[in-house]
Amino acid sequence: MAKPEPRARTVIEPLSYFNLSEQSRAPVRSLAILNVSDSECLIYLGTQFGGLFLFSLDPKDLNASSASDPSGSPLVTQNIKFVRNILVGSSSVDYLHVFGEIGKVLVLLDGFLYLVDSLLLQPVKKLSFLRGISVITRRLKSSESECSNLSEGAGSSTESTSTSQRFLKKLGGGIRANGLKVKESVQHQVGNYVFSVVIGKRLILIEFVLSNRLGKSDEDVNDGSFVILKEIQCIDGVMAMVWLNDSIIVSTLSGYTLFSCVTGQSGVIFSLPDVSCPPRLKLLYKEWNVLLLVDNVGIIANAHGQPVGGSLVFHRDPDSIGEISSYVVVARDGKMELYHKKTGRCVQMVTFGGEGVGGPCIVADEEDGCGKLIVVATPTKVICYQKLPSEEQIKDLLRKKNFKEAISLVEELECEGELSKDMLSFVHAQVGFLLLFDLHFEEAVNHFLQSETLQPSEVFPFIMRDPNRWSLLVPRNRYWGLHPPPAPLEDVVDDGLMAIQRAIFLRKAGVETVVDDAFLLNLPSRDDLLESAIKSITRYLELSRDKKLTPSVKEGVDTLLMYLYRALNNISEMEKLVSSANSCVVEELESLLDDSGHLRTLAFLYSSKGMSAKALAIWRILARNYSSGLWKDPSPESGSHRVSNIISGKEIAAAEASKILQESSVSQLVLQHLGWVADINQVFAVQILTSEQRDNQLPPEEVIAAIDPKKVEILQRYLQWLIEDQDSIDTQFHTIYALSLAKSAIESFVAEIASELPDPVRREETGISEYNTSAIFQSPVRERLQIFLLSSDLYDPEEILDLIEGSELWSEKAILYKKLGQEALVLQILALKLEDSEAAEQYCAEIGRPDVYMQLLDMYLDPQDGKEPMFKAAVCLLHNHGESLDPLQVLERLSPDMPLQLASETILRMLRARLHHHRQGRIVHNLARALDTDASLAILEERSRHVQINDESLCDSCHARLGTKLFAMYPDDTIVCYKCFRRQGESTSVTGRNFKQDVLVKPGWLVTR
């Protein structure tokens, strides 16, 4: 059973009240209303003793406070007045239906129908052609496509199932007879109104036809006639009836039955239990459905009797049922309840009389389904209610702090098309502000985020006091005036806590207050509330950054986010924001970050805004003063951890400065900060100098002059980058690079020798550490020097030789002498100093002269300087290149001291190779002569070729007879006339073969033999 929530929502409110005891003591038995215009509404009351009363109501008078309490005061309000009344009969008025379009009222009394004008001015007209009517209802159409035309065939039908029809036909078809007329198809109709009546077990379908209304007012229309369209066999005991489209639903004590007005067939929808309350039917105009009552349960069905949606469970079986907008209204025992059609929840309960109201309560509504008025009548009272505007309902819920209910109502109204999507966003924003002032900050921001109309600038006043840079951007929108004006979060928290204390005091004093009890039981401290407020507003601004905002609003969002991060001491988020693309205003944050000691964040901010000089100055200060406490490290600083933290902090400062300098093209700024960065990490210095990110590269001369002479590797890496990556051809840079590498190579060689010394004291005297490693270069310096000396031709080799002349860098000297063309010195170094026979022989091969091998052999056999002859190297040379040497010269140069067994085999092989080369040369010479002879014979054969042409010879291209014409013959023996030869060309024959690309080879005598 639905749980009543009388305070959950206010959908309707009392508009007027009238005490019937002043006009009549007869109880009310039927009720109907007619909305004439926006300023007039007519109310019809049928009494137990046949009286019909007319009242007039002005719906525009919405001052509900003037309405008296229906249960207590008998006074009549000013906006409702009694018009007149008439006496229809002497028995109870069971049914009233108003034809507002023609100004007629249909009354059912004592089994007869009566027709009265809408203002009760003309005499009552009794329709006596039907009697014993128990139930009547009008046909309503949801759409023309859903309904059949019952008028077709009524005039052409020859069957007469009714005695009254046959009698009236005898009186003359188409002639008025006591108000009844049989329909004729040829008669012109202006308007028609169809309804059905139940007489015993007969269901009769009747049409009220107006023949002509031209030039007449509604009160003057009396020339209408009633036409019986069809008679259907019905069931006994019909208590209520609804006609929707082609379906007529009737109710009896045994259940609900559906009849088709087209075929007359019927079917049981469902049966009722033996003991149940009287069945009731209510047409729901808004959705064109029917409500079927079973005890206290209302089942909503469509025009075909199929249930749609859920059921409505009422608190008790009602006396009467009405409809207003999306709600079903039920009344009983002086109480009226409103149930939502979709959710089935009771949203409002209205009391208009005590338990002893003296009879049933009757509810009447406007029959368009969208009306805003509803009238309730007891035997002695009439109370008018009006539907509150949607905004007023929402405001009422917000005042009661039923925020979820308010949002649910707005979503519901949006789905029904009564409110726009902007209104939903508006209410979300309103709820957000109310929750914010109630100290529910997280929920408030959730509603802010669901609002598409709320501007981020509307929360600016909660962060920074007015006046400020963005004061003019804040919309002056108080919404519905349900919350105080925006104030800083500190004031909001303080005022909220004060309001809670006031509410607690009032509650103790017995005054009812709207306070969240769960929140009171776990009331956070002021600091916790303020922190929650700041975090929630921060979350809203973070998500607002993704919206499409104006530049000024973007500045406010990012700058105030920094204020909030600063209040939370959230350093990581501060740095993350200012390190990325942002719209922060430097002037607003400069002093704030400087005073609070957040220099690192300020440096990131300067860098993001292009203020490189200020950012670099801060990084330099931080790198210099890391150990003094300018940098806050949350980890414990003790022992080796503190040392590593200091080193790490300095490198971080240098790394961040490096990122800025890599993009800067201002040479003065780069060179100004290059030194301290290099002192911390030379790799960063190299990255700065060799960066490709800057638009214009730095002047090399200034860079070279600015590099610390002690930091040789930085200079070398920069020069290497200039030469290899920038393709510099400046001989000065090549020479400087080579000299620098040579000096480093000499020092490295000295250090290598010192490392081999057994005495550590002597190693220390050399000043070279055994742990001397390079973080810039991966390869040894001598390897780099040798590669450069070999690859470059732009340095001055003599200047390099002067530097390394007294050193042991023989490989480098060999390369330099080779550059200078001093072959003897190169061979001497390779063969004697380095004893690299393979390199020496390779150098001789590069020169390519036989005398060089002899020169190398002389060096092996006579090394001089007291060295022993290098017989093995000499034998190896003879073995590898003996064919290039003159055996006689070799024999002359061989030393008498050379062992015979070493040279004999080599000399013998030299002699054999010499003879072999001679004979091989003769063979090659003779083969060349044979080929030349073969080519000469082939040319002679081609030139001596003959072809015989007779009268039958044809051109292979145009097939014309050659006769005495000029002709040409191609190498593939095809013959063409001279004309085709000129067209084909001399290189392509008729077969398409191109002799320049596809050469025709004919075997010569040398190949065949």
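In this text the structure is predicted, and so the values were computed from the model without any measurement. (Residues numbered from 1 in each chain as written. Predicted model: local features only at pLDDT ≥ 70, side-chain atom pairs only at ≥ 80, totals over all residues. Heavy atoms only, no water.)

Asks: Could you give an account of the overall build of the protein chain, with specific residues and numbers?
Replies: Check the secondary structure of the protein chain and you find 31 helices and 30 strands. Contacts in the protein chain between residues at least 24 apart in sequence constitute 56% of all its contacts with a sequence separation of at least 6. Carbon and sulfur atoms make up 51% of the accessible area of the protein chain, which totals about 51,400 Å². (Helix = DSSP H or I, 4+ residues; strand = E, 2+ residues; numbered from the N terminus. Contact = heavy atoms within 4.5 Å. Areas by Shrake-Rupley, 256 points an atom, 1.4 Å probe, with all protein chains shown as cover.)

Asks: Tell me what's going on with the nonpolar core, and back it up with residues and numbers.
Replies: With 171 residues, the main nonpolar core has Tyr385, Ile394, Val427, Phe460, Leu541, Trp619 and Tyr860 as its most contacted residues. Of the residues forming this core, the biggest block, eleven residues, is contributed by helix α4 (residues 421-437). In this view, Tyr385 contacts Ile12, Glu13, Pro14, Leu15, Met336, Val350, Phe352, Lys372, Leu373, Ile374 and Val376; residues no more than four positions away in its chain are not counted. In terms of nonpolar packing, the next biggest core, distinct from the first, is built from 27 residues, Val242, Tyr256, Leu272 and Ile300 among them. (Core = buried A, V, L, I, M, F, W, Y, C linked by side-chain atoms within 4.5 Å. Buried < 20%, exposed > 50% of the residue type's maximum accessible area, 1.4 Å probe, protein only.)

Asks: Which residues make up unusual backbone geometry, and what values do they have?
Replies: With an omega of -5°, the peptide bond between Asp466 and Pro467 qualifies as cis. Relative to the helices and strands, Pro467 resides in the loop between α5 (441-450) and α6 (489-508). Positive phi, close to 65°, is recorded for Lys401, a residue that is not glycine. Residue placement: Lys401 occurs in the loop between α2 (390-399) and α3 (403-415).

Asks: Provide a residue-level description of the sheet that holds strand β20 (residues 297-301), including the pertinent values.
Replies: Read across the sheet, four strands follow the order β18-β19-β20-β21 without closing on themselves; strand pairing throughout is antiparallel. Sheet topology places β18 (281-284) and β21 (307-313) at the edges, where each strand pairs with a single neighbour. Within the sheet, the average angular offset between the axes of one strand and its neighbour, ignoring direction, is 25°. By the bridge criterion, four bridges tie β18 to strand β19 (residues 289-294) in an arrangement that is antiparallel. In the strand pairing of β19, Leu281 is matched with Leu292. (Pairing = 2+ DSSP bridges. Axes fitted to C-alpha atoms, helices over the stretch in contact; angles between N-to-C directions.)

Asks: Describe α3, naming the residues involved and giving the relevant values.
Replies: Compared with the 18 Å implied by 1.5 Å per residue over 13 residues, the 18 Å span of α3 between its first and last C-alpha is a close match. Every buried residue of α3 is listed here: Phe403, Glu405, Ala406, Ile407, Leu409, Val410, Glu412 and Leu413. Check the buried side of α3 and you find it contacts β23 (327-332), β24 (335-340), α2, α4 and α5. Of the residues one or two after α3, Gly417 is the one with positive phi, at around 85°. (Expected span 1.5 Å × (residues − 1).)

Asks: Give a description of the sheet that holds strand β27 (residues 373-377) that names residues and reports values.
Replies: Strand order in the open sheet formed by four strands is β1-β28-β27-β26, with antiparallel pairing between adjacent strands. The outermost strands of the open sheet, each flanked by one partner alone, are β1 (12-19) and β26 (362-365). Taken pair by pair, the neighbouring strands of this sheet meet at an average axis angle of 20°, ignoring direction.

Asks: Account for the confidence of the model for the protein chain, with residues named and values stated.
Replies: Interpreting fine coordinate detail is not advised for predicted regions of low pLDDT. Per-residue confidence for the protein chain gives a mean pLDDT of 82, with 83% of residues at or over 70. Of the regions scoring below 50 in pLDDT, residues 62-76 engages in 29 contacts with residues more than four places distant in sequence or in other chains. pLDDT under 50 marks residues 628-643. Its contacts with residues more than four places away, or in other chains, come to 18 contacts. (pLDDT = per-residue confidence, 0-100.)

Asks: So what's going on with the environment of Leu816? Residues and values would help.
Replies: With respect to the helices, strands and loops of the structure, Leu816 is situated in helix α23 (residues 810-820). Residues Leu816 and Asp796, spaced 20 residues apart in sequence, show a C-alpha to C-alpha distance of 9.3 Å. Residues within four places of Leu816 in sequence aside, it is in contact with Leu789, Tyr795, Pro797, Ile800, Leu801 and Ile804.

Asks: Describe the packing of aromatic side chains, naming the residues involved and giving the relevant values.
Replies: Summed over the entire model, instances satisfying the criterion amount to 26 aromatic pairs. Measuring from ring centre to ring centre gives 5.3 Å for Phe433 and Tyr479, while their planes differ by 50°; the resulting arrangement is tilted. With Phe433 in helix α4 and Tyr479 in the loop between α5 and α6, this residue pair connects regions lying 46 residues apart in the sequence. A residue is classified by how much of its surface remains accessible, and Phe433, at 2% relative accessible area, is buried. Residue classification places Tyr479 among the buried positions, given a relative accessible area of 13%. (Phe/Tyr/Trp six-rings, centres within 6.5 Å; stacked < 30°, edge-to-face > 60°.)

Asks: With reference to specific residues and values, describe the pairing of strand β15 (residues 247-252).
Replies: The buried fraction of β15 is high, at six of six residues. Relative to β15, strand β14 (residues 240-244) is paired through five bridges, and the arrangement is antiparallel. Residue pairing in the sheet places Trp243 in a bridge with Ile248 of β15. Between β14 and β15, which pair antiparallel and follow one another directly, the connecting turn spans two residues, one of which, Asn245, has a positive phi of 55°. Direction of pairing for β15 relative to strand β16 (residues 255-260): antiparallel, over a ladder of six bridges. Note that in β16 the partner of Ser247 across the bridge is Ser260.

Asks: Give a detailed account of the packing of helix α25 (residues 837-847) against helix α26 (residues 850-861), specifying residues and quantitative values.
Replies: Where α25 meets α26, the closest approach of the two axes is 9 Å, and the angle between their N-to-C directions is 155°. By the angle between their axes, α25 is roughly antiparallel relative to α26. Residues Ser837, Ala840, Glu841, Cys844, Ala845 and Ile847 of α25 lie in contact with α26, whose contacting residues are Val852, Tyr853, Leu856 and Tyr860. In the contact of α25 with α26, the residues fall into eight nonpolar, one polar and one charged. (Parallel < 35°, antiparallel > 145°, perpendicular 65-115°, else oblique. Nonpolar A, V, L, I, M, F, W, Y, C, P; charged D, E, K, R; others polar.)

Asks: I'd love a proper account of a nonpolar patch on the surface, names of residues and values included.
Replies: The grouping of Val947, Phe967 and Met969 at the surface amounts to a nonpolar patch, some 210 Å² of accessible area in total. Looking at where Val947 falls in the secondary structure, it is placed in the loop between α29 (900-943) and β29 (967-969). According to the relative accessible area criterion, Val947 is partly exposed, its value standing at 33%. (Patch = residues over 30% accessible without salt bridge, like charges linked within 9 Å, V, L, I, M, F, W, Y side chains within 5 Å. Salt bridge = Lys/Arg side-chain N within 4 Å of Asp/Glu carboxyl O.)

Asks: Let's hear about a negative patch on the surface: which residues, and what values?
Replies: On the surface, a cluster of negative charge is contributed by Asp796, Glu798, Glu799, Asp802 and Glu805. Looking at the element boundaries, Glu799 is found in helix α22 (residues 797-804). Judged by relative accessible area, which is 36%, Glu799 ranks as partly exposed. (Lys, Arg positive; Asp, Glu negative; His and termini not counted. Charge placed at Lys NZ, Arg CZ, Asp CG, Glu CD.)

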